[in-house]
2 protein chains.
Amino acid sequence: MFTLPQKESRMTTACPGSDSIQGLPGNKGDGLERECSRKPDQKALKLYGVGDPTATFSSSSPYLSSRGSVIKWFWDLAEEGYRTYHMDEYDEDKNPSGIINLGTSENKLCFDLLSRRLSQSDMLQVEPSLLQYPDWRGHPFLREEVARFLSFYCRSPAPLKPENVVVLNGCASLFSALATVLCEAGEAFLIPAPYYGAITQHVYLYGNVRLVCVYLDSEVTGLETRPFQLTVEKLEMALQGANSEGVKVKGLILINPQNPLGDVYSPGELQEYLEFAKRHELHVMMDEVYMLSVFEESAGYCSVLSLERLPDPQRTHVMWAASKDFGMSGLRFGTLYTENQDVATAVASLCRYHGLSGLVQYQMAQLLRDRDWINQVYLPENHARLKAAHTYVSEDLRALGIPFVSHGAGFFIWVDLRKYLPEATFEEEVLLWRRFLENKVLLSFGKAFECKEPGWFRLVFSDKTPRLRLGMQRVRQVLEGQPQLAEGAPPHQIQEPQGPHR
Amino acid sequence: MFTLPQKESRMTTACPGSDSIQGLPGNKGDGLERECSRKPDQKALKLYGVGDPTATFSSSSPYLSSRGSVIKWFWDLAEEGYRTYHMDEYDEDKNPSGIINLGTSENKLCFDLLSRRLSQSDMLQVEPSLLQYPDWRGHPFLREEVARFLSFYCRSPAPLKPENVVVLNGCASLFSALATVLCEAGEAFLIPAPYYGAITQHVYLYGNVRLVCVYLDSEVTGLETRPFQLTVEKLEMALQGANSEGVKVKGLILINPQNPLGDVYSPGELQEYLEFAKRHELHVMMDEVYMLSVFEESAGYCSVLSLERLPDPQRTHVMWAASKDFGMSGLRFGTLYTENQDVATAVASLCRYHGLSGLVQYQMAQLLRDRDWINQVYLPENHARLKAAHTYVSEDLRALGIPFVSHGAGFFIWVDLRKYLPEATFEEEVLLWRRFLENKVLLSFGKAFECKEPGWFRLVFSDKTPRLRLGMQRVRQVLEGQPQLAEGAPPHQIQEPQGPHR
């Protein structure tokens, strides 16, 4: 989801609080990343940044409250992306010159396996109890299954407990609920940047909670370090920075495997980050939504739930969902695991607004308990397909001489296109992004993830080969300076939007 | 959902902002009404009342924000109800001396029809588009079906439009989203009382919006009037009262057919209420969630969407859901119909947190489009069963000489037990309610609905005859002064809770 940048914002240098949105309106439900620009008179980048998600907001509606107008404005930005992409979606037969989407983080490689499994007769159970008011934490049979599932796949040293599980309709809801019950309005969470930008909205729209960026950079400063490495020193600096601006920080959000970096934290790193959080009495929201999408064994992924001892178990809250690991973002299933019963209860109290159908709860339980299918059919095939797609795209990038960051996890490659920018500015980043779009391939640019270095792009590879091939061809054309506008492309696809906030 | 009243709050006289909760945690998903008591030093009842949902709140958690602690507190009250009722749920074979639930507004009469229809093979469709990020307003195929369905059953003068439809996971979410986008924190909606008390939470927990009660009473003041009649004069008084207390009122909530009264507004009344709202530029949230549960033709129900001309279409927002009319509170399907695109868009922007599974969206579309089944099988049978159950209970009440209000709509009878209170106080109301519970039948008492007259109870009749029979026997035993504690009842069922907020 994205909006075309506005002419008047070309001079922008930074965009704290910008967000990206996955999961677009539209028949196919695709999502793109959107870009948020910032007024020229705003502060330049620092090593920390307290985001104001509404920095560019101006319009309002006579029918809505001020917060309602801001909430609508976020949608309008998304709608702009919807109109641009979905008006010209690629289709092999019907619209071969349409836009190829390498921007949305969805796994489109395993719909055949999923459809087959979910269509089996054991999935359609309609008992009266499933049609009546649910336990808002999730039906007990499902929470038991989730606890067993997480115990096994997170390799927990002891069995996880169903009473620590809360089930809801996706991790977006979980971020919203956690923000609201952990923070007062105006308080903040730390988050290493670049990060999956939609979290900005998740914590802000209902909860009015902000994000303080812990900016990472690509520079490698020593042996056994890697680009965009998170360190405790950086966490400390960001926290102090926020404090010095009078912003109360209540927690730390960690995404592991990381989106958009594909980075995987080692057990030692995890322990350090958790110790840092404990020192400062920060809650840790651990987003492990890609935990089964680690397709390279060597990545060495481990869940926090595998740790022998959590430094601060009462402030450690783990999220997982079916969106990524089972390629079902449309199923709307997410779960919280926390030992803190105050937090579990407060989130459950909000679950009335995030509940999912009893019928879907039954299906999820069936799926999670089918260990044979998961272990012998789904996961091996999914990993093999992810690996093949990753190999295809990464070899293409190598052939082009393009550096990238990738660690064998997730659906995306973090691509360094800095050498293609005439100047190291976000303006040039957006211009390059627009040239891709004009050549009918959609990527996500780094500013949508709060990356502090202009020129990085996220490229999603978890799609079928024909689309990858065509998408990479179009990327190559642009980078080789030979963009060839596909025939029959309607001119409005590349126009600037008319209004300041469209 | 309910909490046992606390000893220290016996002196309470009023409870603005108390709430009732439907849809309880627990295997069977039942919900009961809960009671909220108020400190003795608080203001006495007036003709209007600005509710403070946290009037009795005191505890807090070191891990939660202050709002998080309040949110958790609401759940704890509910949990108290859960423990009390679900620890001793009636079962014909396994627990015949368990509690009969005539407190939760669910229709348990048609699970056979629903199970049969929902188990048909056309219900299990697993297309990739249903597994991908959805249109957050709802899949277009579903919104088209909802528009057609509402056009037909609301008897709209012209076809309703899919672009005015937003789909989400139940009307609770809709109240939450509307409160947030229409009001600033601390602003209010008017609502005629008695009303379905859970709305207090729906608008407060995320939105921090309050309710201003328009208190109705049972006195009949003239020809062609009825008990608890809503008049424009009362609306005007309540609005002025709120204004005089410095509370900004942004809208009016109307429930039609009404819960708990079962009242049905005439077209003329509707028009008057809507004109009142227009004069004051108030949004109208029209909750029509029982619109197909009018089992007496003579009730003369009409939807606002049937009106030839809405006085203020940009401020009129209609809600409907599958919970009541299709007896599927566990399916979590609700919808908004509004011509106001600012409102529709702002609600859609929050729908990321209220989304429902693509698979359920498909099932709902299949159900709504099956007009033959709805018209020829489901509705006639549902209405016949509701009518029979209503006849059974109302005849029992007549035989007991108990007055009641009932209009041939909804699942409940509003019962006047004032003559059974030694004194006309809410304390006595609660004592009577407890005697019912001790005799293993659960009703909802009027204070949970903000009724201003002590002694009214809501009695749900939409259940199978054996349970109704036993429930009514137990009611009769209490009223005839012969409560017989069922054998084997564990003594903790009737104990006072230990802590101040359990």
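If you're wondering where the values come from, they're calculated on a predicted model, not measured in any experiment. (Residues numbered from 1 in each chain as written. Chains lettered and ligands numbered in written order. Predicted model: local features only at pLDDT ≥ 70, side-chain atom pairs only at ≥ 80, totals over all residues. Heavy atoms only, no water.)

Draft legend 1. Layout of the overall build of chain A. Scanning chain A for helices and strands turns up 14 helices and 14 strands. Here chain A holds 502 residues, and 68% of them are scored as buried. Within chain A, contacts between residues at least 6 apart in sequence are counted, and of these 76% link residues at least 24 apart. Summed over all atoms, the accessible surface of chain A reaches about 16300 Å², with 49% contributed by carbon and sulfur. (Helix = DSSP H or I, 4+ residues; strand = E, 2+ residues; numbered from the N terminus. Buried < 20%, exposed > 50% of the residue type's maximum accessible area, 1.4 Å probe, protein only. Contact = heavy atoms within 4.5 Å. Areas by Shrake-Rupley, 256 points an atom, 1.4 Å probe, with all protein chains shown as cover.)

Draft legend 2. Highlighting the sheet that holds strand E14 (residues 456-460) of chain A. Residue and element names in this part refer to chain A. The strand order across the open sheet built from four strands is E10-E11-E14-E13, with neighbouring strands paired in antiparallel fashion. The open sheet has two free edges, formed respectively by strand E10 (404-405) and strand E13 (444-445), since each of these has just one partner strand. Pairing of E10 with strand E11 (residues 412-416) involves two bridges; the strand directions are antiparallel. Among the inter-strand pairings, Val 405 is bridged to a residue of E11, identified as Trp 414. Along the sheet, helix H13 (residues 426-438) makes contact with E13 and E14, crossing E14 at roughly 30°. (Pairing = 2+ DSSP bridges. Axes fitted to C-alpha atoms, helices over the stretch in contact; angles between N-to-C directions.)

Draft legend 3. Summary view of the sheet that holds strand E13 (residues 444-445) of chain B. Residue and element names in this part refer to chain B. Taken in spatial order, the four strands of this open sheet run E10-E11-E14-E13, and their pairing is antiparallel. Two strands in the sheet have a free side with no partner beyond their single neighbour: strand E10 (404-405) and E13. As judged from the five bridges shared by strand E11 (residues 412-416) and strand E14 (residues 456-460), these two strands associate in the antiparallel manner. Across the sheet, residue Trp 414 finds its bridge partner in E14, namely Arg 458. Taken strand by strand, helix H13 (residues 426-438) contacts E13 and E14, and its axis lies near 30° from that of E14.

Draft legend 4. The interface of chain B and chain A, seen in detail. At the interface, 96 residues of chain B touch 96 residues of chain A. In total, about 7900 Å² of surface goes out of reach between chain B and chain A, with carbon and sulfur atoms giving 57% of it. Here Asp 342 of chain A and Lys 72 of chain B are joined by a salt bridge, their closest N and O atoms 3.8 Å apart. Taken together, chain B and chain A are joined by 50 residue pairs in polar contact (both at pLDDT 80 or more). Residues belonging to the side of chain B that touches chain A are distributed by class as follows: 44 nonpolar, 37 polar and 15 charged. (Buried area = accessible area lost by both parts, 1.4 Å probe. Salt bridge = Lys/Arg side-chain N within 4 Å of Asp/Glu carboxyl O. Polar contact = N/O pair within 3.5 Å; in protein donor to acceptor, adjacent residues only side chain to side chain. Nonpolar A, V, L, I, M, F, W, Y, C, P; charged D, E, K, R; others polar.)

Draft legend 5. Spatial organisation of the nonpolar core. In terms of nonpolar packing, the biggest core is built from 347 residues, with Leu 190, Phe 326 and Val 347 of chain A together with Leu 190, Phe 326 and Val 347 of chain B touching the most fellow members. Every residue in contact with Leu 190 of chain B, bar those within four places of it in the chain, is listed here: Val 212, Val 214, Leu 235, Ala 238, Leu 239, Val 249, Gly 251, Leu 252, Ile 253, Phe 276 and Leu 282 of chain B. (Core = buried A, V, L, I, M, F, W, Y, C linked by side-chain atoms within 4.5 Å.)

Draft legend 6. Local environment of the environment of Tyr 206 of chain B. For Tyr 206 of chain B, the position within the fold is in the loop between helix H6 (199-204) and strand E5 (210-215). Under the relative-accessibility criterion, Tyr 206 of chain B is labelled buried at 5%. Between the alpha carbons of Tyr 206 of chain B and Ser 176 of chain B there is a distance of 6.5 Å; along the sequence they are 30 residues apart. Excluding residues that lie within four positions of it along the chain, Tyr 206 of chain B makes contacts with Ser 173, Ser 176, Ala 177, Thr 180, Tyr 206, Leu 350, Tyr 353 and His 354 of chain A together with Ser 176 and Thr 180 of chain B. A polar contact is formed between the side chain of Tyr 206 of chain B and the side chain of Ser 176 of chain A, at a distance of 3.2 Å. Side-chain polar atoms of Tyr 206 of chain B contact the backbone nitrogen of Ala 177 of chain A, separated by 3.4 Å.

Draft legend 7. Structural view of the pairing of strand E7 (residues 283-287) of chain A. Most of E7 of chain A is tucked away: five of the five residues are buried. Burial along E7 of chain A is two-sided: His 283, Met 285 and Asp 287 of chain A facing one way and Val 284 and Met 286 of chain A facing the other are all buried.

Draft legend 8. Representation of the packing of H13 of chain B against helix H14 (residues 465-479) of chain B in the model. All names here are of chain B. Closest axis-to-axis distance for the H13/H14 pair is 9 Å, and the angle between their directions is 130°. Classified by the angle their axes make, H13 and H14 are oblique. With respect to the hand of their crossing, H13 and H14 are arranged in right-handed fashion. When H13 is examined against H14, the residues Leu 432, Arg 435 and Phe 436 are found in contact with a partner set consisting of Val 475, Val 478 and Leu 479. Partitioning the contact of H13 with H14 into residue classes produces five nonpolar, no polar and one charged. (Parallel < 35°, antiparallel > 145°, perpendicular 65-115°, else oblique. Left-handed = near helix turned anticlockwise from the far one by under 90°.)

Draft legend 9. Broad picture of helix H8 (residues 267-279) of chain A. Residues and elements named next belong to chain A. With 13 residues, H8 ought to run about 18 Å at 1.5 Å a step, and its terminal C-alpha atoms sit 18 Å apart, in line with that. The set of residues buried in H8 consists of Glu 269, Leu 270, Tyr 273, Leu 274, Phe 276 and Ala 277. Across the axial projection of H8, the buried residues extend over an arc of 155°, all falling on one side. Contact partners of the buried residues in H8: strand E4 (188-193), helix H7 (232-244), strand E6 (249-255) and E7. (Expected span 1.5 Å × (residues − 1). Arc of directions from axis to C-beta.)

Draft legend 10. Representation of the packing of aromatic side chains in the model. Applying the stated criterion across every chain, the model contains 47 aromatic pairs over all chains. Relative to Phe 449 of chain A, the ring of Trp 414 of chain A has its centre 5.7 Å away and its plane inclined at 85°; by these criteria the two rings are edge-to-face. Remark: Phe 449 of chain A occurs in the loop between E13 and E14 and Trp 414 of chain A occurs in strand E11; sequence separation between them is 35 residues. With relative accessibility at 0%, the residue Phe 449 of chain A sits in the buried group. Judged by centre distance (6.3 Å) and plane angle (45°), the ring pair of Phe 149 of chain B and Phe 326 of chain B falls under tilted. Here the residue Phe 149 of chain B occupies a position in helix H4 (residues 140-153), and Phe 326 of chain B occupies one in the loop between helix H9 (322-325) and strand E9 (334-338), the gap between them amounting to 177 residues. Site record: aromatic cluster; members linked through ring pairs are Phe 149, Phe 152, Tyr 153, Trp 320, Phe 326, Phe 333, Trp 373 and Tyr 378 of chain A. If you follow Arg 371 of chain B out to its NZ or CZ, it ends over the ring of Phe 152 of chain B, 4.8 Å from the centre. (Phe/Tyr/Trp six-rings, centres within 6.5 Å; stacked < 30°, edge-to-face > 60°. Lys NZ or Arg CZ within 6 Å of the ring centre and 35° of its normal.)

Draft legend 11. Local environment of the pairing of E11 of chain A. Of all five residues making up E11 of chain A, five are buried, and the element is well covered by its neighbours. Hairpin remark: E10 of chain A followed by E11 of chain A, antiparallel, with six residues in the connecting loop; positive phi at Gly 408 of chain A, about 80°.

Draft legend 12. Layout of the environment of Thr 425 of chain A. Residue and element names in this part refer to chain A. Topologically, Thr 425 is positioned in the loop between E11 and H13. Accessibility expressed as a relative area gives 25% for Thr 425, which makes it partly exposed. Sequence separation between Thr 425 and Pro 454 is 29 residues, and the spatial gap between their C-alpha atoms is 5.5 Å.

Draft legend 13. Just the relation of the copies chain B and chain A, in detail. Of the transformation superimposing chain B on chain A, the axial component is 0.0 Å and the angular component is 180°, with the fit at an RMSD of 0.0 Å. When the rotation and shift are considered jointly, the pair of chain copies conforms to a two-fold rotation axis. No C-alpha of chain B approaches the rotation axis more nearly than that of His 354 of chain B, which lies at 2.7 Å. Of the residues that chain B buries at the interface, 100% are likewise interface residues in chain A, meaning the two copies contact each other through the same surface. (Least-squares fit on C-alpha atoms with pLDDT ≥ 70 in both.)

Draft legend 14. Structural context of helix H2 (residues 111-118) of chain A. Burial analysis of H2 of chain A places six of its eight residues in the buried class, which makes it a mostly covered element. If you check which residues of H2 of chain A are buried, you get Phe 111, Leu 113, Leu 114, Ser 115, Arg 117 and Leu 118 of chain A. The secondary structure elements touched by the buried residues of H2 of chain A are helix H11 (358-369) and helix H12 (371-399) of chain A together with helix H3 (128-131) of chain B.

Draft legend 15. Molecular detail of the pattern of salt bridges. Enumeration over the complete set of coordinates arrives at 48 salt bridges over all chains. Notably, a salt bridge pairs Glu 296 of chain B with Lys 387 of chain B, separated by 3.4 Å at the nearest N-O pair. On the criterion of sequence distance, the pair formed by Glu 296 of chain B in the loop between strand E7 (283-287) and strand E8 (316-321) and Lys 387 of chain B in helix H12 (residues 371-400) is long-range, its members being 91 residues apart. When salt bridges with common partners are traced through the structure, they connect Lys 72 and Asp 76 of chain A together with Asp 342 of chain B into a single cluster.

Draft legend 16. Layout of unusual backbone geometry. In this structure, Pro 257 of chain A follows Asn 256 of chain A across a cis peptide bond, with omega equal to -5°. If you trace the backbone, Pro 257 of chain A turns up in the loop between E6 and H8. Each neighbour pair has its own omega, and for Asn 259 of chain B with Pro 260 of chain B the value is 20°, a cis peptide bond. One non-glycine residue, Arg 155 of chain A, lies in the positive phi region at around 55°. Along the polypeptide, Arg 155 of chain A turns up in the loop between helix H4 (140-153) and strand E3 (165-168). Look at Arg 155 of chain A and you get exposed, because its relative accessible area is 64%.

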